[in-house]
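Topology and contacts: notes
Now for the letters of each chain:
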Amino acid sequence: LIHCNEGRSRAPSIALLWLAKRAKVVPDDDFAPAREVFRARHLPDYAPGAGIATFLQTTWHEIR
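In this text the structure is predicted, and so the values were computed from the model without any measurement. (Residues numbered from 1 in each chain as written. Predicted model: local features only at pLDDT ≥ 70, side-chain atom pairs only at ≥ 80, totals over all residues. Heavy atoms only, no water.)

Considering the packing of aromatic side chains
The criterion, for reference: Only the six-membered ring of Trp is used, alongside the rings of Phe and Tyr, when aromatic pairs are assigned; centres must lie within 6.5 Å, and planes under 30 degrees apart are stacked while those over 60 apart are edge-to-face, with the rest tilted. The numbering of helices and of strands both runs from the N terminus, where a helix is a DSSP run of H or I of at least 4 residues and a strand a run of E of at least 2. Here's how the labels work: a residue is buried when its accessible area is under 20% of the maximum for its type, exposed when over 50%, partly exposed in between, all with a 1.4 Å probe on protein chains only.
In the structure shown here, the tally under the stated rule is two aromatic pairs. Taking the centre distance of 5.8 Å and the plane angle of 50° together, the rings of Phe31 and Trp60 count as tilted. With Phe31 in helix α2 (residues 31-41) and Trp60 in the segment after α3 (50-59), the pair connects residues that are 29 residues apart, well separated along the chain. As far as the burial class goes, Phe31 and Trp60 line up, both buried.

Laid out in structure tokens, this is it:
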């Protein structure tokens, strides 16, 4: 179970990471394409806050 108050930023970002890095159902090459595929396939309302978006952009390739 992944949860945050509004379900549009933190929790979906963790789900996006899992889908990209572990399940390999979302592109793993960079955050931007992964975000767009995630929005199209799973959660159109996905709207990561500035903090989590910046974190994912800058550390995407370090996260395994």
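Some points on α2
Put simply, the rule is: Should any heavy atoms of two residues lie within 4.5 Å, those residues are considered in contact.
Considered for burial, the residues of α2 that qualify are Phe31, Ala34, Arg35, Val37 and Phe38. Contacts from the buried residues of α2 go to α1 (10-21) and α3.

Section: the nonpolar core
What counts here: What is meant by a nonpolar core is a set of buried Ala, Val, Leu, Ile, Met, Phe, Trp, Tyr and Cys residues, joined one to another through side-chain atoms within 4.5 Å.
Ranked by size, the top nonpolar core spans 13 residues in total, and within it Leu16, Val26, Phe31, Tyr46, Leu56 and Trp60 carry the most contacts. Put simply, the parts of the chain that give this core at least two residues each are α1, α2 and α3. In contact with Phe31, other than residues within four places in its own chain, are Leu16, Tyr46, Pro48, Ala53, Leu56, Gln57 and Trp60.

A short note on the pattern of salt bridges
Going by this rule: Salt bridges, as used here, are contacts in which a Lys or Arg side-chain nitrogen is within 4 Å of a carboxyl oxygen on Asp or Glu.
As enumerated under the stated definition, the model contains four salt bridges in all. Put simply, Asp28 and Lys24 hold a salt bridge, and the shortest N to O gap is 3.5 Å. A residue is classified by how much of its surface remains accessible, and Asp28, at 30% relative accessible area, is partly exposed. Owing to a relative accessible area of 54%, Lys24 belongs among the exposed residues under this scheme. For Arg39, the salt bridge goes to Glu36, with nearest N and O atoms at 3.1 Å. With Arg39 and Glu36 both in helix α2 and three residues apart, this pair spans about one turn of that helix. Residue classification places Arg39 among the partly exposed positions, given a relative accessible area of 25%. Classification of Glu36 by relative accessible area gives partly exposed; the value is 40%.

None of this, on its own, says anything about what the molecule does.
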